[in-house]
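Chains, contacts and geometry: an overview
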Amino acid sequence: MSDTTRRTGSCLCGGVHFVVTGQPTRVGLCHCKDCRKASGSAYSAFAIWPRDVFKTSGEVASYGTRSFCPTCGSRVAWVGDTEVEVMLGSLDVAPTDLEPQYELWISRRENWLHALPGTEQFDHDRPDDGPAPEDVAPPAPRPLSDAVMHD
Ligand SMILES: [Zn+2]
Ligand SMILES: [Zn+2]
């Protein structure tokens, strides 16, 4: 039996609406630089659903993979190939019944925040998420000696 719980969300001005059905795959907090900058807040709280249970209406603008309402600027959802990441604050009912299971980029967590009890703690992204863009080292310069022709 599939879970038919529906949760609705929207931006501040109401121009963008969305619906997610069923329980999220996972719920997390992220303290990374991108989440801080993009939200203007100390961290972001989000939930991930499979993309096929997400429906949206209204126009969104985007910057990289992040989408937002072009009128009010509210962050809405990030839509990936297989998953969609919804900001908890964009859901219409508060408080939600969703609780984070993990925290990312805890080295960037504000000093006045503490590890959320019972959650998995990660220094960077979750290992199976692949490296974050800011975590990818530029290709190492080729050692000069490699370029020297030896004979
Ligand atoms: Zn809006
Ligand atoms: Zn982040």
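Residues numbered from 1 in each chain as written. Chains lettered and ligands numbered in written order. Predicted model: local features only at pLDDT ≥ 70, side-chain atom pairs only at ≥ 80, totals over all residues.

1. Here we look at the overall build of the protein chain
The helix and strand inventory of the protein chain stands at 2 helices and 11 strands. Counting helices and strands in the order they occur from the N terminus, the protein chain gives β-β-β-α-β-β-β-β-β-β-β-β-α. Within the protein chain, the fraction of its 151 residues that count as buried is 21%. Intrachain contacts of the protein chain at a sequence separation of at least 6 include 55% that bridge at least 24 residues. (Helix = DSSP H or I, 4+ residues; strand = E, 2+ residues; numbered from the N terminus. Buried ≥ 20, exposed ≤ 12 C-beta atoms within 10 Å, placed from the backbone. Contact = placed C-beta atoms within 7 Å.)

2. Considerations on the nonpolar core
What tends to happen in soluble globular proteins is that the nonpolar side chains get buried as a cluster. If you look at the biggest cluster of nonpolar residues, it comprises 15 residues, and the most contacted ones within it are V76 and V86. Of all the elements in the fold, those that place two or more residues in this core are β2 (17-21), β4 (44-50) and β9 (83-87). What V76 contacts, discounting residues up to four positions off in sequence, is C11, V16, F18, V60, S67, F68, C69 and S90. With 7 residues, the next largest nonpolar core counts L29, C30, Y43 and L104 among its residues. (Core = buried A, V, L, I, M, F, W, Y, C linked by C-beta atoms within 7 Å.)

3. Things to note about unusual backbone geometry
The residue after A94, namely P95, is reached through a cis peptide bond having omega -5°. Within the element layout of this structure, P95 appears in the loop between β9 and β10 (102-104). With a phi close to 55°, W105 is a non-glycine residue in the positive phi region. Tracing the backbone through its elements, the reader meets W105 in the loop between β10 and β11 (120-121). The class for W105 is buried, based on 22 C-beta atoms found within 10 Å.

4. Notes on the pairing of strand β3 (residues 26-30)
Inspection of the sheet shows β3 paired to β4 by 5 bridges, in the antiparallel sense. Its bridge partner lying in β4, L29 is registered against A45. Bridge count between β3 and β10: 3 bridges; the pairing is parallel. Across the sheet, residue C30 finds its bridge partner in β10, namely L104. (Pairing = 2+ DSSP bridges.)

5. Re the confidence of the model for the protein chain
In the predicted model, the protein chain carries a mean pLDDT of 87, and 84% of its residues have values of at least 70. Long-range and interchain partners of residues 130-135, a stretch whose pLDDT sits below 50, account for 9 contacts in this model, where long-range means more than four residues apart. (pLDDT = per-residue confidence, 0-100.)

6. With respect to the environment of G80
Among the secondary structure elements, G80 is positioned in the loop between β8 (77-79) and β9. A C-alpha to C-alpha distance of 7.3 Å links G80 and R51, two positions 29 residues apart in sequence.

7. Remarks on the sheet that holds β10
Think of a sheet as strands paired side by side through backbone hydrogen bonds, with each pair either parallel or antiparallel. Pairing is mixed across the open sheet formed by 6 strands, whose spatial order is β8-β9-β4-β3-β10-β11. Two strands lie at the open edges of the sheet, namely β8 and β11, each paired on one side alone. Bridging between β4 and β9 involves 5 bridges; their strand directions are antiparallel. Bridged to F46 within β9 is M87.

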